[in-house]
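Chain by chain, the residues run as shown.
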Amino acid sequence: MMGAQLLNTTLRQTLAGVAALIPTTEPTGDVECRDYHKLNSSLQCEFIRNTSDCGIDEGFINYLHFPYCSLPNLVPLALVILFLWLLVLFVLLGVTADDYFCPALKVISDTLKLSQNIAGVTFLAFGNGAPDIFSAVAAITNSKGGDAGLAIGALFGAGVFVTTVVVGAVGILTPFEMMQRPFLRDVVFYIAAAFWTWCVLWFKNISLPQAIGFIGLYVVYVFVVLVGRQIRQSRLKASQSQSRIPTDFSNNYNINGTSADPDEEYLSFRQPSGKHVNPRRAVKDDSKIPVITDDNNGSIQSQTFRAGIIEGTLQVTEGVTVGPLLGAQAGVNPALQAQTSVDLSRSSFSNSGERMPLLGSIREEDAGCCTPLAFRTELWEGLNPIDTAGWSSKGAFGKGYEVFKAPIQLVLNLTVSIVDFEEDKHNWNRPLNCLHCITGPLFVVFAINNGFDKIGGMVPVWAVVAVCGLLLAIVVFCTSNDETYPIYHWAFGYLAFVVSVVWIYATANEIVNLLQVFGLVFNISDAILGLTLLAWGNSIGDLVADTAMARQGFPRMGVSACFGGPLFNMLMGIGISCTIATIKNGGNFPLKRTMLQSVLAGSLGFSLLSSLILIPAFKFKVGRWYGIYLIVVYIAFLGLAIATEFGAFGEM
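Below is a summary of the structure that appears in this document. Remember, it's a predicted structure, so these values are computed and weren't measured experimentally.

Description of the overall build of the protein
Counting its secondary structure elements, the protein contains 20 helices and 10 strands. Buried positions account for 54% of the 652 residues belonging to the protein. For the protein, long-range pairs separated by at least 24 residues make up 80% of all intrachain contacts whose partners lie at least 6 apart in sequence.

Okay, structure coming up:
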């Protein structure tokens with residue numbers, strides 16, 4: 001009797017365990033998605049479809065269905081296809097940020113007539129950090145059970161990568177002297193931000209005030225930057241007035257031996273590539289690149305510079321050598337200083353100085369410009385994703401990359417306007433801009449999953465948006481001409497800002513979803529994926545651009561934002577994403593704490609502390625041996641992280 005009862009109990013427990021793994025017709029909420037590995041391949045698809053943990057909260061595609069439901073017999077091939085799609089998404093993220101989002105931010109900054117002090121630490125920083133910030137927002141808002149490992153891994157991993165590999169590579173290629181004041185300030189704030197992040201993880205919870213506090217810390221950083229800049233300017237004015245040297249602080253760098261403001265900082269937006277590079281601002285010959293020398297402690301800081309390589313030479317745009325980050329005014333040195341603000345008064349929009357009417361001036365010789373052929377030609381000129389003007393000068397890699405991103409560029413050109421105040425017509429394209437009045441808003445409503453919602457239960461949202469966009473396009477077409485931009489052209493920059501933000505966030509969501517699928521398939525944590533694939537994908541452009549600058553003889557430009565940039569990304573990435581998460585969660589957001597996250601925080605802290613101690617000890621000179629040391633630190637960090645992932649140090 002006792003044996004029968006024992007057998008019955010054992011059988012029931014066994015069946016209960018099996019039933020927990022067998023999918024039912026109703027979605028299961030208590031089973032982890034990783035449990036699909038325990039099932040036969042014939043049951044995996046049904047399990048994935050019916051398990052809520054395998055679903056997605058944001059995004060459009062559940063990528064886990066592709067290898068196990070669409071190609072169950074060719075899983076390796078499906079994973080290769082997904083990896084290639086991941087590369088496409090990273091290119092889409094970078095191109096959107098560089099070619100569309102940053103120009104839109106510059107338009108907003110110029111039209112609001114912000115000083116370069118404010119623009120540099122707000123719009124500029126946001127534009128350069130957009131991929132990292134939106135990836136963090138997507139990762140945390142999509143996290144399940146407080147597992148923010150993907151976001152934490154990406155922010156800490158990118159921080160370690162940039163402060164070690166990028167700085168080290170530049171130091172190995174071209175030894176240089178580090179900026180003193182900006183370096184010390186940024187490293188101290190970065191250490192504080194990293195420590196605060198680790199404390200939040202240690203207590204496994206973040207509240208709304210704490211989340212807002214991350215944003216507040218960046219506000220304090222901005223205040224310190226602006227006050228420091230003002231004090232610096234005052235001292236320089238006093239010293240130069242005493243020595244009877246003209247006090248012109250707009251051009252705070254030495255060009256061929258002229259005087260410079262020591263230890264100064266400079267900005268540039270993430271630079272566009274391909275056809276969106278303004279050829280009038282490009283330097284394609286080494287002999288034409290200005291020779292920039294420094295006084296003692298002189299510095300040139302540029303935020304996350306993006307460069308294009310054309311036939312082995314660096315293509316430098318105006319943002320590289322112009323536009324001081326903190327307070328200098330534009331227009332002092334015509335050779336380097338580009339216009340960074342625009343007069344929005346009506347009188348400013350006419351080359352002759354007269355007021356330009358709403359319709360613009362239509363000359364008699366332009367009467368035939370609105371023929372169907374001319375209309376189609378101008379439309380295609382705006383849509384064409386290939387840089388035909390610079391095609392012949394590109395190398396094999398450049399041409400291959402141009403073709404690779406052509407479909408991406410075409411779709412973006414179709415939905416996002418580009419307003420460029422450096423162009424003759426500010427990049428005005430009448431047929432294309434009219435089309436953007438329709439395609440931009442339509443993309444937004446579909447991307448936020450509201451396109452098929454019905455207003456009043458009858459009319460879909462997309463139809464209302466399409467009609468409104470069509471009416472707006474008709475108004476724009478009737479109040480403009482092909483030859484001159486209308487007075488309201490700057491408004492397309494604001495539209496481009498909204499559309500590009502949606503593009504970046506939607507792309508970041510897809511990247512996060514895809515990385516989580518790779519984590520499930522290979523049974524590795526999100527943190528490892530964050531500190532490797534996501535961090536590398538968002539930071540590889542910095543490495544390429546900064547080393548290119550070093551080879552051209554501008555190492556200090558290359559590393560100028562290697563500490564301030566990741567600082568902004570961490571504070572705003574965690575601050576914005578956790579603010580959203582805590583509001584959604586009722587004021588508190590629980591977080592998981594793992595040993596790997598502590599390793600990440602410790603590695604970043606070690607990297608920053610060693611730089612804070614050793615670089616001043618070496619009189620702020622970064623040589624080849626120190627560059628090699630930084631590379632070794634990163635390799636050791638990767639090894640330690642991988643060892644932790646596989647349980648070498650246990651769990652916390």
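Notes on the packing of aromatic side chains
Taken as a whole and judged by the stated rule, the model has 20 aromatic pairs. A centroid spacing of 4.4 Å and a plane angle of 10° characterise the contact between Trp196 and Phe214, whose relative ring orientation is stacked. Here the residue Trp196 occupies a position in helix 7 (residues 181-202), and Phe214 occupies one in helix 8 (residues 208-242), the gap between them amounting to 18 residues. Relative accessible area serves as the criterion here: at 0%, Phe214 is assigned to the buried category. Relative to Tyr221, the ring of Tyr218 lies with its centre 5.5 Å away and its plane at 35°, an arrangement referred to as tilted. With Tyr218 and Tyr221 both in helix 8, this residue pair falls 3 residues apart, about one helical turn. Considered together, Tyr218 and Tyr221 belong to a single accessibility category, that of buried residues. One cation-aromatic arrangement involves Arg430 over Phe477; the distance from NZ or CZ to the ring centre is 3.8 Å.

Digging into a nonpolar patch on the surface
A cluster of nonpolar residues, Val80, Phe83, Leu84, Leu87, Phe397, Tyr401 and Phe404, forms a patch on the protein surface that exposes about 690 Å² of accessible area. Elements represented by at least two residues in the nonpolar patch include exactly helix 4 (75-111) and helix 11 (396-404). Take the nonpolar patch: its biggest share by element is 4 residues, from helix 4. Counting through the fold element by element, Leu84 comes out in helix 4.

A closer look at the packing of helix 13 (residues 430-447) against helix 15 (residues 491-522)
Between helix 13 and helix 15, whose axes approach to 10 Å, the crossing angle comes to 30°. Between helix 13 and helix 15 the crossing geometry is left-handed. Across the interface between the two elements, Asn433, His436, Cys437, Gly440, Phe443, Val444 and Ala447 from helix 13 touch Phe492, Leu495, Val499, Val502 and Trp503 from helix 15. Considering only residue class, the contact of helix 13 with helix 15 consists of 9 nonpolar, 3 polar and no charged.

So, helix 7
Under the 1.5 Å per step criterion, the end-to-end length of helix 7 is 32 Å for 22 residues, consistent within 8% with the ideal 32 Å. Count one or two residues on from helix 7 and you reach Lys204, which has phi positive near 60°.

Details of the side chain of Ser577
Take Ser577: it is sitting in helix 18 (residues 564-584). With residues near it in sequence (within four places) discarded, Ser577 still touches Ala136, Val137, Ile140 and Met572.

Topic: the state of the cysteines
Under the criterion given, the structure shown has 2 disulfides. The disulfide partner of Cys33 is Cys54, and the gap between their sulfur atoms is 2.0 Å. Because the torsion about its S-S bond is 110°, the bridge between Cys33 and Cys54 counts as right-handed. Of this pair, Cys33 sits in the loop between helix 1 (2-21) and helix 2 (41-50) while Cys54 sits in the loop between helix 2 and helix 3 (65-70), and the two are 21 residues apart along the sequence. Here the two residues Cys33 and Cys54 agree in accessibility, since each one is buried. A disulfide bridge connects Cys45 with Cys69, and the sulfur atoms are separated by 2.1 Å. Disulfide Cys45 to Cys69: torsion about the S-S bond roughly 115°, handedness right-handed. In this pair, Cys45 is assigned in helix 2 and Cys69 in helix 3, connecting sequence segments 24 residues apart. Here Cys45 and Cys69 have matching classes, each one buried. Here the cysteine-cysteine linkages of the protein are recorded as 1-3, 2-4, numbering only bonded cysteines and doing so in sequence order.

Description of helix 19 (residues 595-617)
Helix length check: helix 19 (23 residues) gives 32 Å between terminal C-alpha atoms against 33 Å at 1.5 Å per residue, within 8%. One or two positions beyond helix 19, positive phi appears at Lys619, with a value near 60°.

Notes on the environment of Gly530
With respect to the element layout, Gly530 can be found in helix 16 (residues 526-551). On the basis of relative accessible area, Gly530 is assigned to the buried category, the value being 0%. Along the sequence, Gly530 and Gly157 sit 373 residues apart, while their C-alpha atoms lie 7.0 Å from each other.

Here's the deal with the pattern of salt bridges
Summed over the entire model, instances satisfying the criterion amount to 6 salt bridges. Taking the shortest distance from any N to any O, the salt bridge between Lys106 and Asp110 comes out at 3.1 Å. Remark: Asp110 and Lys106 occur in helix 4; sequence separation between them is 4 residues, near one turn of the helix. Asp110 matches Lys106 in its accessibility class, with the two residues each being buried. The closest approach of N and O atoms between Asp482 and Arg430, which form a salt bridge, is 3.6 Å. Here the residue Asp482 occupies a position in the loop between helix 14 (461-478) and helix 15, and Arg430 occupies one in helix 13, the gap between them amounting to 52 residues. Among the residues examined, Arg430 registers a relative accessible area of 6% and is labelled buried.

Calculation notes
Residues numbered from 1 in each chain as written. Predicted model: local features only at pLDDT ≥ 70, side-chain atom pairs only at ≥ 80, totals over all residues. Heavy atoms only, no water. Helix = DSSP H or I, 4+ residues; strand = E, 2+ residues; numbered from the N terminus. Buried < 20%, exposed > 50% of the residue type's maximum accessible area, 1.4 Å probe, protein only. Contact = heavy atoms within 4.5 Å. Phe/Tyr/Trp six-rings, centres within 6.5 Å; stacked < 30°, edge-to-face > 60°. Lys NZ or Arg CZ within 6 Å of the ring centre and 35° of its normal. Patch = residues over 30% accessible without salt bridge, like charges linked within 9 Å, V, L, I, M, F, W, Y side chains within 5 Å. Areas by Shrake-Rupley, 256 points an atom, 1.4 Å probe, with all protein chains shown as cover. Salt bridge = Lys/Arg side-chain N within 4 Å of Asp/Glu carboxyl O. Axes fitted to C-alpha atoms, helices over the stretch in contact; angles between N-to-C directions. Left-handed = near helix turned anticlockwise from the far one by under 90°. Nonpolar A, V, L, I, M, F, W, Y, C, P; charged D, E, K, R; others polar. Expected span 1.5 Å × (residues − 1). Disulfide = S-S within 2.5 Å.

No statement about biological role is implied by the geometric values presented.
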